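Fold and geometry: a report
The chain contents come next:
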Amino acid sequence: MKPTAILLLHCPDQPGIITEITKFITDNQGNIVYLDQYVDRQDGMFFMRLEWELENFLIPRDKIHEYFETLYARRYNMVCNLYFSDIRPRMAIFVSKMSHCLYDLLARWKAGEYDVDIPCIVSNHEDLRYVAEQFGIPYYVWSIKKDHSNKAEVEQAEMELLANEKVTFIVLARYMQIISDEMIQTYPNHIINIHHSFLPAFVGAKPYHQAWERGVKIIGATSHYVTAELDAGPIIEQDVTRITHKDTPESLVLKGKDLEKIVLSRAVRKHIERKVLTYHNKTIIFN
């Protein structure tokens, strides 16, 4: 497919924004292939995703962002993020001992569902090395002591690896460790987690056991961006399944694992396709 430029933006809503930007694209011989916009009337904010073909576009790709900053960012108090479809994101996967989400992500990647590179898998346990070897992906292990006395040292080593591999975003595929503020600040809204409950219900450890004790009739899974507050980042994707009084904590875990895979895969796909725009602690998901 022809390479495209993808623009995600938000700014205070006012008349003429769509006309101005689309005119700029077409005046410079860009062919628009996607446009979606949304107005939050409560906050008075305008959100848009715009994609156009770069073939015959008059402005060199390394100057496009500068043009938008100069022409529109100051004028409309606009925040812009520009991407190119032929620059593949580089995804690092963090895991602990559970394999279901890892297998699902790697199977989808191998099948060509994800237009992404996976340069490394990082873990705090050796347990899933065999999975990485099956898919030919380097597997790195840094064990974290129970008292967390070496956690800062481990994260520094992980950060060096991510920088060397030019990783652009991270997926926590049931990685059972708290991410430091430093890593979160280095990858803001670029660390995707899967939590095994329908947030904001049952935050923290053993949510399926919490759900069983509470006697709920549905359980869920939530994929969200990681922030400093535990399990409270902007939500990308959620889903639920019904349960009954006959279910046990163990059967909830089995049903939940299927949900976790589906929800995480949807969130990762949306992120790779640059269809997620974060604003405050919410997300705008473009179709």
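Heads up: these notes are all about the structure in this document. (Residues numbered from 1 in each chain as written. Predicted model: local features only at pLDDT ≥ 70, side-chain atom pairs only at ≥ 80, totals over all residues. Heavy atoms only, no water.)

A word on the packing of aromatic side chains
Tallied over the full model, the rule gives twelve aromatic pairs. For the ring pair Phe68 and Tyr72, a centre distance of 5.6 Å and an interplane angle of 45° mean the geometry is tilted. Taken together, the residues Phe68 and Tyr72, both in helix α2 (residues 61-76) and four residues apart, mark about one turn of the helix. Side by side, Phe68 and Tyr72 carry an identical accessibility label, which is buried. Ring centres 6.1 Å apart and planes at 10° place the aromatic pair Tyr140 and Trp142 in the stacked group. Judged by relative accessible area, which is 27%, Tyr140 ranks as partly exposed. Across the ring face of Tyr34, the terminal group of Arg49 is positioned such that the distance to the ring centre comes to 4.5 Å. Over the ring of Phe84 we find Arg61, and its NZ or CZ is 4.6 Å from the ring centre. (Phe/Tyr/Trp six-rings, centres within 6.5 Å; stacked < 30°, edge-to-face > 60°. Helix = DSSP H or I, 4+ residues; strand = E, 2+ residues; numbered from the N terminus. Buried < 20%, exposed > 50% of the residue type's maximum accessible area, 1.4 Å probe, protein only. Lys NZ or Arg CZ within 6 Å of the ring centre and 35° of its normal.)

Quick look at the side chain of His224
In this fold, His224 is placed in strand β10 (residues 218-225). Contacts of His224, omitting those with residues within four sequence positions, involve Ile191, Ile192, Asn193, His195, Leu199, Asp231, Ala232, Gly233, Pro234, Ile235 and Ile236. (Contact = heavy atoms within 4.5 Å.)

Description of unusual backbone geometry
Cis geometry is found at the peptide bond from Leu199 to Pro200, where omega equals 15°. One can find Pro200 in the loop between β9 (191-195) and α7 (207-214). Look at Asn56: it is not a glycine, yet its phi comes out positive at around 75°. Mapped onto the elements of the fold, Asn56 is located in the loop between β3 (45-53) and α2. Of note in the backbone geometry, Arg274 takes a positive phi value of approximately 55° without being a glycine. Along the chain, Arg274 falls in the loop between α8 (249-272) and β12 (276-279). On the accessibility criterion, Arg274 (12% relative accessible area) is buried.

Considering the pattern of salt bridges
Evaluated as defined, the whole model comprises 20 salt bridges. For Glu66, the salt bridge goes to Lys63, with nearest N and O atoms at 4.0 Å. In this pair, Glu66 and Lys63 both sit in helix α2, three residues apart, roughly one turn of the helix. Note on Glu66: relative accessible area 46%, which makes it partly exposed. By relative accessible area, which is 36% here, Lys63 ends up partly exposed. The residue Glu113 makes a salt bridge to Arg269 at a minimum N-O spacing of 2.9 Å. Pair noted here: Glu113 is in the loop between α3 (100-110) and β6 (117-123) and Arg269 is in helix α8, with a separation of 156 residues, a long-range link. The class for Glu113 is partly exposed, based on a relative accessible area of 35%. (Salt bridge = Lys/Arg side-chain N within 4 Å of Asp/Glu carboxyl O.)

A look at the sheet that holds strand β1 (residues 4-12)
Taken in spatial order, the four strands line up as β2-β3-β1-β4 in an open sheet, and their pairing is antiparallel. The outermost strands of the open sheet, each flanked by one partner alone, are β2 (31-40) and β4 (79-84). On average, each strand axis in the sheet is tilted by 10° relative to the strand beside it, whichever way the strands run. Bridge count between β1 and β3: nine bridges; the pairing is antiparallel. What sits directly across from Thr4, in β3, is Glu53. Packing of helix α1 (residues 17-27) onto the sheet brings it into contact with β1, β2 and β3, and relative to β3 it is tilted by some 15°. Contacting β1, β3 and β4, α2 crosses the sheet at an angle of about 165° to β4. (Pairing = 2+ DSSP bridges. Axes fitted to C-alpha atoms, helices over the stretch in contact; angles between N-to-C directions.)

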